[in-house]
Amino acid sequence: MRKLALSIGALAGLSLAATAAQAADITVGFVTSLSGPASSIGVNYDKGMKAAYAYQSSVGGTHINLIKLDDGSDPSATTQAARKLVQEDHVDIMIGTSSAPGTNAMLAVANELKVPFIGISPVNLPIPTGGQPWGIATPQTPALMVKVIADRMKREGIKSAGYIGFSDSWGDLVYNGAKAAENDGDPTLTTNERYARTDTSVTPQALKVITTHPDAVLDGGSATQAALPLLELRKLGFKGPFFGTPALLNRDFIRIGGAAIDGVEVSAGPVLVTDQLPDSHFSKKIGTEFHQVFKKVNDTEADDGFSGYAFDGWVIFLKAAAVALKQAAPGTQEFRQALMDAIYANKDIAGVHAVYNFSPKSYYGVDQRSLIVVKLVNGGWVYQP
């Protein structure tokens, strides 16, 4: 069968499969944010998926068709896209999207319609009662993301930190992780200030943070919008250090933040600094392959963490598909079930971010091997052993 070229559809969606594609092909639905506030992240996810498809576009001789949709950074549009993928395009599995609220929306559809789903942003829906969930998430757990950086803050002698983050589920995840770390002896939070992803000013929130005189500030935003409070804090005279999560690992965050954010330390997946890792690291080999194919198809370096989550989602899917194809034919509910079962059954799947082991008891399947600490030095991320 001839290899199909990738194309990007709008919300209505354009299938990568030609009308003559064989029924036996596997169909994957991918949703990301190519427009709207989350697009600075969504574009990176898209680049990661392009690299993933170039890395491997078939399993055991079975071709993979990929459908890509833009949700416009709107969770309600994400829901519509997910339903379209399942009910009209009859996908075997879904992967997405660019924000925690949108990923929760896709997961809800997956659980309702019983279609496997691989989340590439954090999720925080309750585990369904009376049966296994129909989805997993590739990112490190938000609690682990925050715990690793909170431990680093403690080792650097920081006793208190102001918190400012998004007024949505992602902001909640970071704050809750920091409070759990606080109860474990890490720095005490002095504030819980929030702002919307679409806000253009956070002066009142930044002033409240400063009035509590924290030793440092923990940023609970993501990508471009995460730079906003840090810029304001520096403008208002705050001299302390900044810390954050992998959500800050974005080229636009560095561009917008400029000199004000130099020195920020964040927890990160090892793929961000593959070339700085020892040869014995689990991520070194596959991370090197990822960087090579990424540069080939995108004509740029992979200098973010988000594209790696999409790539790892594809690796997890490939491993599961190799098992599921022995049990059922693509395009059937039996194949969907076999895919989900294989995702849970497969163990020690090495990706660029983590070694994955999933179970129906949690959406996450990573451990502390999945995170390191990096520091922004003169516009580049430097590994902090």
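Residues numbered from 1 in each chain as written. Predicted model: local features only at pLDDT ≥ 70, side-chain atom pairs only at ≥ 80, totals over all residues. Heavy atoms only, no water.

(A) The overall build of the chain, seen in detail. Scanning the chain for helices and strands turns up eleven helices and 16 strands. A compact globule built from 385 residues would reach a C-alpha radius of gyration of about 21 Å, and the chain, at 20 Å, matches this within 12%. Viewed in the frame of its principal axes, the chain has a C-alpha envelope of about 65 × 45 × 40 Å. Residue burial in the chain is summarised as follows: out of 385 residues, 59% are buried. Sequence separation of 24 or more characterises 70% of the internal contacts of the chain that already satisfy a separation of 6 or more. Summing over all exposed atoms, the chain offers an accessible surface of approximately 14500 Å²; the carbon and sulfur share of this is 53%. Treating the 33 positive side-chain charges of the chain as one cloud and the 36 negative ones as another, the clouds have centres 2 Å apart. (Helix = DSSP H or I, 4+ residues; strand = E, 2+ residues; numbered from the N terminus. Rg over C-alpha atoms; globule rule 2.2 N^0.38 Å. Buried < 20%, exposed > 50% of the residue type's maximum accessible area, 1.4 Å probe, protein only. Contact = heavy atoms within 4.5 Å. Areas by Shrake-Rupley, 256 points an atom, 1.4 Å probe, with all protein chains shown as cover. Lys, Arg positive; Asp, Glu negative; His and termini not counted. Charge placed at Lys NZ, Arg CZ, Asp CG, Glu CD.)

(B) Quick peek at the environment of Val382. Tracing the backbone shows Val382 in strand S16 (residues 380–383). A relative accessible area of 33% means that Val382 is categorised as partly exposed. Between the C-alpha atoms of Val382 and Glu265, which are 117 residues apart in sequence, the distance is 9.4 Å. Setting aside residues up to four positions removed in sequence, Val382 forms contacts with Gln276, Val373, Val374, Lys375 and Val377.

(C) Examining the pairing of strand S10 (residues 216–220) more closely. The element S10 is largely enclosed, with a buried count of five among its five residues. Neither face of S10 is left uncovered, since the one carrying Ala216, Leu218 and Gly220 and the one carrying Val217 and Asp219 both have all their residues buried. Sheet topology places strand S7 (residues 160–166) next to S10; five bridges connect them, and they run parallel. Residue Gly162 lies in a different strand from S10, and its bridge partner there is Val217. Strand direction decides the pairing type here: S10 and strand S11 (residues 242–244), joined by two bridges, are parallel. Bridge pairing in S11 places Val217 opposite Phe242. (Pairing = 2+ DSSP bridges.)

(D) Just the environment of Ala329, in detail. Turning to its location among the elements, Ala329 is positioned in the loop between helix H10 (306–324) and helix H11 (333–345). Owing to a relative accessible area of 43%, Ala329 belongs among the partly exposed residues under this scheme. Separated by 305 residues in the primary sequence, Ala329 and Ala24 place their C-alpha atoms 6.6 Å from one another.

(E) Focus on the packing of aromatic side chains. Tallied over the entire structure, the rule returns ten aromatic pairs. On the numbers, 5.9 Å between centres and 20° between planes, the contact of Phe238 with Phe242 is stacked. Both residues of the pair, Phe238 and Phe242, belong to the buried class. Cluster of aromatic residues (ring-pair linked, three or more members): Tyr55, Phe290, Phe294 and Phe311. (Phe/Tyr/Trp six-rings, centres within 6.5 Å; stacked < 30°, edge-to-face > 60°.)

(F) Representation of the side chain of Ser99. You can see Ser99 is positioned in the loop between strand S4 (93–96) and helix H3 (100–113). Side-chain polar atoms of Ser99 contact the backbone nitrogen of Gly102, separated by 3.2 Å. Among all residues touching Ser99, those that are not within four sequence positions of it are Ser121 and Arg197. (Polar contact = N/O pair within 3.5 Å; in protein donor to acceptor, adjacent residues only side chain to side chain.)

(G) Geometry of the sheet that holds S4. Across the sheet, which stays open at both edges, the six strands sit in the order S2-S3-S1-S4-S5-S6 with mixed pairing between neighbours. Two strands in the sheet have a free side with no partner beyond their single neighbour: strand S2 (58–59) and strand S6 (135–137). Pairing analysis gives four bridges linking strand S1 (residues 26–32) to S4, with the strands arranged parallel. Across the sheet, residue Phe30 finds its bridge partner in S4, namely Ile95.

(H) View of the pairing of S4. Burial along S4 is two-sided: the face carrying Ile93 and Ile95 and the face carrying Met94 and Gly96 are both buried. When S4 meets strand S5 (residues 117–119), the two strands line up parallel, connected through three bridges. When the bridges of S5 are listed, Met94 appears paired with Phe117.

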